[in-house]
Amino acid sequence: MFYREAGQYKASYEADQAIFPIAQDRLAMLALLAIAFLVVPLVTSEYVYRAILIPVVILSLAAIGLNILMGYCGQVSLGSGAFMAIGAYAAYNLAVRLPFLNPFVCILLGGFVSAAVGIVFGVPSLRIKGFYLACATLAAQFFADWAFLRVKWFTNYTPSGSVNAPPLELFGFDLGSPTANYLVSLAFTVVLALAAKNLVRGHIGRQWMAIRDMDIAAEIIGVRPMYAKLSAFAVSSFLIGVAGALWAFVYLGSWEPAAFSIDRSFQLMFMIIIGGLGSILGSVLGAAFIVVLPIFLNQALPPLGALVGWRISTATVSHFEAMIFGALIVFFLVVEPHGLARLWSIAKEKLRLWPFPH
């Protein structure tokens, strides 16, 4: 009975079109943000920061970027790892060659560089789609892997090919601690996720969804396919590029091109499939699921195997992880194509009707 909107009247268009039109949702989101920004830094250990919280927060931003392209605009992409790498190396080169720039400015500029490259590789989407577009974006991944490995200028001519991020500081305050890294990542993700949510709710988001549902019909009713598709590539690549720069500067600190291989692209794609295509919340849920599941399996499977006299090695755990990922992807594609976000939506609808059956 507590999750009802009875008595909550909307007297304006703004109230009716709010992101959280139900007061309980607004209060829950404010409480969640207060816990994330104020409570978590007081009670969390360094291991939880490094193993769970920071990866979940940064990969959530990357998954939101990919979801805008695949879930909202319907353009298949297998090169998201490349755009993370472009954002990371662009931010690194800006920090090295323009040392007067603050690292956080470099991170944002790295996102804009990634957006520009994303527009270039989004041009084929004007003529091809589906499997052929996936191959075109896969070419971006292979090209980025080759360029950052072979062109020494990108790595500032380091002999090993590994580069180090500049120290993070703002107004003279050192932000190198795990708590500061978490808060910086969370601030970037919350602000950009809110911006992405407002974009997909506006006219440009409706254009993306029209292209996704039927591009020919969208063009007939006045949607410009070139503008819609390239803007989706630009926004998606910007968010993924910022996430890549955060991944390099905040989480890794030191990295090489293998950190943004094609495995990263598939990981992000799995996140939005399991979390839910066409959902900002689904991107966050999918990132949390993908990051937490391997840790859970590593902690839970060996004791369970010991109960039946089976010693499970680390390699076996990794095989189970791949099998479970594959089974879950097939499950969500067949049973619930909209992923965890749809399951959460159904649970909310049940709460709105509880305890009545209909």
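Residues numbered from 1 in each chain as written. Predicted model: local features only at pLDDT ≥ 70, side-chain atom pairs only at ≥ 80, totals over all residues. Heavy atoms only, no water.

Novice: Help me understand the overall build of the protein chain, please; the structure alone is not making it clear to me.
Specialist: Within the protein chain, the secondary structure is distributed over 14 helices and four strands. Relative to the globule expectation of 21 Å for 358 residues, the C-alpha radius of gyration of the protein chain, 21 Å, shows essentially globular dimensions. Referenced to the eigenvectors of the C-alpha coordinate spread, the extents of the protein chain come out at roughly 70 × 65 × 45 Å. Here the protein chain holds 358 residues, and 45% of them are scored as buried. Sequence-distant contacts, at least 24 apart, represent 76% of the contacts inside the protein chain between residues at least 6 apart. Computing the positive centroid from 21 side-chain charges and the negative centroid from 16, the protein chain places the two 4 Å apart. (Helix = DSSP H or I, 4+ residues; strand = E, 2+ residues; numbered from the N terminus. Rg over C-alpha atoms; globule rule 2.2 N^0.38 Å. Buried < 20%, exposed > 50% of the residue type's maximum accessible area, 1.4 Å probe, protein only. Contact = heavy atoms within 4.5 Å. Lys, Arg positive; Asp, Glu negative; His and termini not counted. Charge placed at Lys NZ, Arg CZ, Asp CG, Glu CD.)

Novice: What am I meant to see in helix α2 (residues 23-43) here?
Specialist: Look at α2: 29 Å from first C-alpha to last across 21 residues, which is about the 30 Å you get at 1.5 Å a residue. Roughly 35° is the biggest bend found in α2, and it falls at I35. Those residues of α2 lying buried are D25, A36, V40 and P41. Where α2 is buried, its residues meet α3 (46-72), α7 (178-201) and α14 (339-353). (Expected span 1.5 Å × (residues − 1). Bend = angle between axes of the 7 residues up to and from the residue.)

Novice: Would you mind going over the side chain of S236 with me for this structure?
Specialist: Positionally, S236 belongs in helix α10 (residues 225-252). Discounting residues that sit within four places of it in the chain, S236 has contacts with G65, L66 and L69.

Novice: What is the right way to read unusual backbone geometry from this model?
Specialist: Most peptide bonds are trans, and most residues other than glycine sit at a negative phi. Look at N156: it is not a glycine, yet its phi comes out positive at around 60°. Of note, N156 is situated in the loop between α6 (131-150) and β1 (163-164). Residue classification places N156 among the partly exposed positions, given a relative accessible area of 31%. With a phi close to 60°, Y157 is a non-glycine residue in the positive phi region. Tracing the backbone shows Y157 in the loop between α6 and β1. A relative accessible area of 55% means that Y157 is categorised as exposed.

Novice: In this structure, what is going on with a nonpolar patch on the surface? I would like to understand it.
Specialist: A contiguous nonpolar patch, built from I35, L38, V39, L42 and V43 and spanning about 530 Å² of accessible area, is present on the exposed surface. Take L38: it is sitting in helix α2. (Patch = residues over 30% accessible without salt bridge, like charges linked within 9 Å, V, L, I, M, F, W, Y side chains within 5 Å. Areas by Shrake-Rupley, 256 points an atom, 1.4 Å probe, with all protein chains shown as cover. Salt bridge = Lys/Arg side-chain N within 4 Å of Asp/Glu carboxyl O.)

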